[in-house]
Amino acid sequence: MSFDWWDYIRIAEEIFSNASNNMYSEKDKEAWLRAAISRAYYGAHMLLRKKMLADGFITQQELDREKGRIHSFVYEKVKHPLKATLETLLRYRKQADYENQFPAIESVCLSTKSLLQRFKENLPKADFVT
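Residues numbered from 1 in each chain as written. Predicted model: local features only at pLDDT ≥ 70, side-chain atom pairs only at ≥ 80, totals over all residues. Heavy atoms only, no water.

Chemist: Got a minute to help me understand the nonpolar core in this structure?
Modeler: Proteins that are soluble and globular tend to have nonpolar side chains buried together. If you look at the biggest cluster of nonpolar residues, it comprises 38 residues, and the most contacted ones within it are Phe16, Ile37, Leu48 and Val74. Those elements that place two or more of their residues in this core are α1 (6-20), α2 (26-54), α4 (70-76), α5 (82-98) and α6 (105-122). Looking at this core, the element that brings in the most residues is α2, giving nine residues. Not counting residues up to four positions away in its chain, the partners in contact with Val74 are His45, Leu48, Arg49, Met52 and Leu63. (Core = buried A, V, L, I, M, F, W, Y, C linked by side-chain atoms within 4.5 Å. Buried < 20%, exposed > 50% of the residue type's maximum accessible area, 1.4 Å probe, protein only. Helix = DSSP H or I, 4+ residues; strand = E, 2+ residues; numbered from the N terminus. Contact = heavy atoms within 4.5 Å.)

Right, dumping it as structure tokens:
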């Protein structure tokens, strides 16, 4: 059975909601939020790739060939508004995954929630470059 990448989006949104409702201890909250930011990005990225494959704008062979630069390769083929949304999600994901200090994590989470909403609204009408 194929994984449903929407589950990453749903889980990220659930974590954001739980965090804002103080469901996590202060000790664990940052780890949960970092995980949510990362999953939000990967969910969006994989859903976009899946749509591009289904719509015939890229092939699996192209994806396999571009493994080392897959994020750049995919974004080169996307037009606004999804491109800007995904690039911002990627920047947040890198912060969440690699930076020891993340003082703005709460505000990044609010931005990520809004970016996910924009992503969901624009994915069905995504515009790709041939």
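So much for the structure itself; the text now carries on.
Chemist: Looking at this structure, how should I read the packing of α2 against α5?
Modeler: Helix-helix packing is characterised by the crossing angle of the two axes and by the distance between the axes. Between α2 and α5, whose axes approach to 8 Å, the crossing angle comes to 145 degrees. Viewed along their axes, α2 and α5 form a crossing whose handedness is left-handed. Residues Arg34, Ile37, Ser38, Tyr41, Tyr42, Ala44, His45 and Leu48 of α2 touch α5, and the partners they reach there are Leu82, Leu86, Leu89, Leu90, Tyr92, Arg93, Gln95, Ala96 and Asp97. The class makeup of the residues in the contact of α2 with α5 is eleven nonpolar, three polar and three charged. (Axes fitted to C-alpha atoms, helices over the stretch in contact; angles between N-to-C directions. Left-handed = near helix turned anticlockwise from the far one by under 90°. Nonpolar A, V, L, I, M, F, W, Y, C, P; charged D, E, K, R; others polar.)

Chemist: Whenever I open this one, the packing of α1 against α6 confuses me. Can you help?
Modeler: For the pair α1 and α6, the least separation of the axes is 11 Å and the interaxial angle reads 145 degrees. Like other packed secondary-structure pairs, α1 and α6 cross with a definite hand, here left-handed. On α6, the residues that touch Trp6, Ile9, Ala12, Glu13 and Phe16 of α1 are Cys109, Thr112, Lys113, Leu116, Phe119 and Lys120.

Chemist: Whenever I open this one, α6 confuses me. Can you help?
Modeler: Each turn of an α-helix holds 3.6 residues, which means side chains three or four residues apart point in the same direction. For α6, built from 18 residues, the straight-helix expectation of 26 Å at 1.5 Å per residue is met to within 8% by its first-to-last C-alpha distance of 25 Å. Along α6, the residues classified as buried are Ile105, Val108, Cys109, Thr112, Leu115, Leu116, Phe119 and Asn122. Taken around the axis of α6, the buried residues stretch over an arc of 145 degrees, which confines them to a single face. Tucked inside the fold, the buried residues of α6 contact α1, α2 and α5. (Expected span 1.5 Å × (residues − 1). Arc of directions from axis to C-beta.)

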